[in-house]
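Here is how the chains run, residue by residue.
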Amino acid sequence: TGSDGKLGKFDEATADVGANVHLAWGKLHAQRLAAATELFATRGSCETGAGGAAKRTAASGDDNALIVSFPTLRLGDGGATSATAAAKTVGIVSEGPGEGWVPRDAATARAVFNQAAPRYRAALARYKLDGFVTEHCDVVLDVSRLHKHLAFFEEANPRRYNSLQRRRANYVLSVATELSFDAYPGLYKTLWFEYAEAHRAILEGKIRRDRPPLSLGDAARCATRGYTAYVDTFKDQVGPDHRAPRRIRDSEEERSYVTARFIRARTASKQHGQFGSEADALSVALVDYEFVPAYVKAHGLEGMEQESDLCEQMRALLPTKIVHLRSLEKNAERDPLALTGGSARGAIYDS
């Protein structure tokens, strides 16, 4: 360092190299979790998708083929050794409960996660948001996806699953709220969408477990907030009329945008208790249920016919339901779904 305490050019370069080495290790372990998630999600159907070959090998139980492409390596005394043993010699494969390239249960998935996490923390110590905006955001997104993959293995434990998803969301939110859309439009969109997806995962888990309607409100509200931040970045392109929207120029962004509107309709409809009454929530959702089929028909968007048809059905049903709920609210002078006793918010939020 110089007399001013700042790193010199050589020290800066060295710090970058060190951070990139940690980052590479973090990505390596994250890929192990990603391959495991895809393996279990497809129940061994490994023919398609990234890492398909790795998944096929993992399903067979042969870790050797997953390390390097060489059938044998000759090290030291020249004797042939398995790829796994050779990799251990140079420190590629971890010992202990995380041994093996693709984890096959929650315990080994946690071990791999714990190998990746400190690597990412070391990279973030160098790539701070102040001075390394793009690099910092990329690492934060990697950390978010690392939590997502571990959460897949923790789904049987709702508290652990929800905790991982919330930590994932909090990492992203801490950066998303600091960014300007004008300065970093791509990162801004990606971060808010990632935040929304984390809370939607909590919401969908609660729905699968048939949790009470009011227990869905917080996750639904947060997911809706994230999708709204993403959707709002397209306001100038789409225009103010949700029944006669203009077309988005980029075809990939177009599909992502319409999908986000479709998903937001579902999350918005579940946020009663946090947003307002059920009728209030459904009124907000109705806007998106009207938008999706209008956009698909107006611009001939292919591949979203099923979503459009579902929205058409909801658009036809919701107005009557909203009127009915308003009537119940008026007669009962409160939301029909409101809790009748003491607050159980902490319990229902965690499970």
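Note that the structure is predicted; figures quoted are calculated from it, not measured. Along each chain, residues carry numbers from 1 onward, in the same order as the chain's sequence is written. At least 70 in pLDDT is required for a residue's local features to be given in this predicted model, at least 80 for side-chain atom pairs to be given and counted, and no such filter applies to totals for whole chains, interfaces and linings, which use all residues. Side-chain measures were taken over the full set of non-hydrogen atoms in the model, leaving aside hydrogen atoms and water.

Quick word on helix α9 (residues 217–232)
Note: α-helices contain 3.6 residues per turn, so residues at a spacing of three or four share the same orientation.
Here comes step 1: A helix here means a DSSP run of H or I that spans at least four residues, while a strand means a run of E at least two residues long, and both kinds are numbered starting from the N terminus. Each residue after the first adds 1.5 Å to the expected span of a helix. Counted at 1.5 Å a residue, the expected span for α9 with its 16 residues is 22 Å, and the 22 Å between its end C-alpha atoms agrees.
Here comes step 2: Think of it in three bands: with a 1.4 Å probe and only protein chains considered, a residue is buried below 20% of the maximum accessible area for its type, exposed above 50%, and partly exposed in between. Counting buried positions along α9 yields 12 of 16 residues, so the element is predominantly enclosed.
Here comes step 3: Restricting attention to buried positions, one finds in α9 the residues G217, D218, A219, A220, C222, A223, T224, G226, Y227, A229, Y230 and V231.

Thoughts on the pattern of salt bridges
Here comes step 1: Any carboxyl oxygen of Asp or Glu within 4 Å of a side-chain nitrogen of Lys or Arg constitutes a salt bridge here. One pass over the structure, following the stated rule, counts 20 salt bridges.
Here comes step 2: In this structure, D16 and R126 form a salt bridge, with 2.9 Å as the shortest nitrogen-oxygen distance. Here D16 is found in helix α1 (residues 9–41), whereas its partner R126 is found in helix α5 (residues 106–126), with 110 residues between them in sequence.
Here comes step 3: Using a relative accessible area of 15% as the deciding quantity, one classes R126 as buried.
Here comes step 4: Three or more residues are tied together by salt bridges with common partners; here these are E12, D16 and R126.

A closer look at the packing of helix α8 (residues 185–208) against helix α11 (residues 251–269)
Here comes step 1: Comment: axis = line fitted to C-alpha atoms, over the contacting stretch for helices; angle = value between 0 and 180 degrees taken between N-to-C directions. Following both chains from N to C, one finds α8 and α11 inclined at 35°, their axes separated by 12 Å at the closest point. Taken as a pair, α8 and α11 cross one another with a handedness that is left-handed. Residue-level inspection shows K189, F193, E197, R200, L203, E204 and I207 of α8 in contact with α11, the latter providing E253, A260, I263, R266 and T267.
Here comes step 2: Split by residue class, the contact of α8 with α11 holds five nonpolar, one polar and six charged. Each crossing gets its hand from how the near helix is turned against the far one by less than a right angle, where anticlockwise is left-handed and clockwise is right-handed. By definition in these notes, contact holds between two residues if any of their heavy atoms fall within 4.5 Å. Under the scheme applied here, ten amino acids are nonpolar (Ala, Val, Leu, Ile, Met, Phe, Trp, Tyr, Cys and Pro), four are charged (Asp, Glu, Lys and Arg), and all others, including Gly, are polar.

Thoughts on the packing of α9 against α11
Here comes step 1: Running from N to C, α9 and α11 cross one another at 155°; their axes reach a closest spacing of 9 Å. One finds that α9 runs roughly antiparallel with respect to α11. In this structure, α9 crosses over α11, and the sense of that crossing is left-handed. Each of A220, A223, T224, Y227, T228, Y230 and V231 in α9 lies in contact with α11, whose residues at this interface are E253, S256, Y257, A260, R261, I263, R264, T267 and A268.
Here comes step 2: Taken together, the residues of the contact of α9 with α11 sort by class into nine nonpolar, four polar and three charged. Oblique is the label for any angle not under 35 degrees, not over 145, and not in the 65 to 115 range, which are roughly parallel, roughly antiparallel and roughly perpendicular in turn.

Brief notes about unusual backbone geometry
Here comes step 1: If you check the backbone angles, D210 has positive phi at about 60° while not being a glycine.
Here comes step 2: Mapped onto the fold, D210 is located in the loop between α8 and α9.
Here comes step 3: By relative accessible area, which is 67% here, D210 ends up exposed.

Overview of the side chain of H147
Here comes step 1: Tracing the sequence through the fold places H147 in helix α6 (residues 133–153).
Here comes step 2: On the accessibility criterion, H147 (3% relative accessible area) is buried.
Here comes step 3: Each polar contact in these results corresponds to two N or O atoms within 3.5 Å; when the atoms are within protein, one needs to be able to donate a hydrogen and the other to accept it, and residues that are neighboring in sequence are counted only if both atoms are side-chain atoms. Within the local environment of H147, its side chain forms a polar contact with the side chain of R167, the two groups lying 3.4 Å apart.
Here comes step 4: With sequence-adjacent residues up to four places away left out, H147 is seen in contact with F113, L164, R167, R168 and Y171.

Quick word on the nonpolar core
It is characteristic of soluble globular proteins that their nonpolar side chains tend to be buried jointly.
Here comes step 1: To define a nonpolar core, start from buried Ala, Val, Leu, Ile, Met, Phe, Trp, Tyr and Cys residues and group those joined through side-chain atoms within 4.5 Å. L33, Y120, L179 and L191 are the most contacted members of the largest nonpolar core, which totals 43 residues.
Here comes step 2: Sort the elements by how many residues they give to this core and α6 lands first, with 10 residues.
Here comes step 3: Contacts of Y120, omitting those with residues within four sequence positions, involve L23, G26, K27, A30, V139, D142, V143 and L146.
Here comes step 4: A260, A279, A285 and M304 belong to the second-largest nonpolar core, a separate cluster that totals 30 residues.

Section: the environment of R261
Here comes step 1: Among the secondary structure elements, R261 is positioned in helix α11.
Here comes step 2: With 31 residues separating them along the chain, R261 and Y230 place their C-alpha atoms 9.6 Å apart.
Here comes step 3: The contacts of R261, once residues within four sequence positions are left out, are V231, H242, V287, D288, F291 and V292.
Here comes step 4: Within polar-contact distance, the side chain of R261 engages the side chain of Y257 at 2.7 Å.

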